[in-house]
Amino acid sequence: MKDYFDRNKKCILCEPPSKELVVDESAHFISIVPFVASFAFEIWIIPKDHSSHFHHIDEEKAVDLGGLLKLMQLCSERCLNN
């Protein structure tokens, strides 16, 4: 990611993802499947507004993140028939 920033002078995670990679989105976050996932069922949750640390979010965003995390867990469980 640092190489991308050095070449393009912008954060790769702040670029809009391809619609084919989007799993779901909420008011403040978007969940995607990475283009080249390292693990089965890998999902990234990325803030819509640039933030380098999740601990810098306010309560509204924390609740929003929690809802998206729960939804991603349910999706994974359904895929695994668990």
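You'll find the structure just up there.
Throughout what follows, the structure given in this document is the object of discussion. (Residues numbered from 1 in each chain as written. Predicted model: local features only at pLDDT ≥ 70, side-chain atom pairs only at ≥ 80, totals over all residues. Heavy atoms only, no water.)

**Section: the sheet that holds strand β3 (residues 44-47)**
Each strand in a sheet pairs with another by means of backbone hydrogen bonds, the pair being arranged parallel or else antiparallel. Ordered by their spatial adjacency, 3 strands build an open sheet running β1-β2-β3, and the pairing between neighbours is antiparallel. Since the sheet does not close on itself, it has two edges, and those belong to β1 (22-25) and β3, each with one partner. Each adjacent strand pair in this sheet contributes to an overall mean axis angle of 25°, direction not counted. Bridging between β1 and strand β2 (residues 29-32) involves 3 bridges; their strand directions are antiparallel. Within the sheet, the bridge partner assigned to Asp24 lies in β2 and is Ser31. Relative to the sheet, helix α2 (residues 59-79) contacts β1, β2 and β3, its axis offset from that of β2 by approximately 20°. (Pairing = 2+ DSSP bridges. Helix = DSSP H or I, 4+ residues; strand = E, 2+ residues; numbered from the N terminus. Axes fitted to C-alpha atoms, helices over the stretch in contact; angles between N-to-C directions. Contact = heavy atoms within 4.5 Å.)

**Details of the pattern of salt bridges**
Under the definition given, this model contains 3 salt bridges. As a salt-bridge pair, Asp6 and Lys2 come within 3.2 Å of each other at their nearest N and O atoms. Residue Asp6 and its partner Lys2 are located together in helix α1 (residues 2-8), separated by 4 residues, close to a single helical turn. Lys48 is paired through a salt bridge with Glu25; the nearest N and O atoms lie 2.8 Å apart. Taken together, the residues Lys48 in the loop between β3 and α2 and Glu25 in strand β1 connect sequence positions 23 residues apart. The partly exposed category is assigned to Lys48, whose relative accessible area is 39%. (Salt bridge = Lys/Arg side-chain N within 4 Å of Asp/Glu carboxyl O. Buried < 20%, exposed > 50% of the residue type's maximum accessible area, 1.4 Å probe, protein only.)

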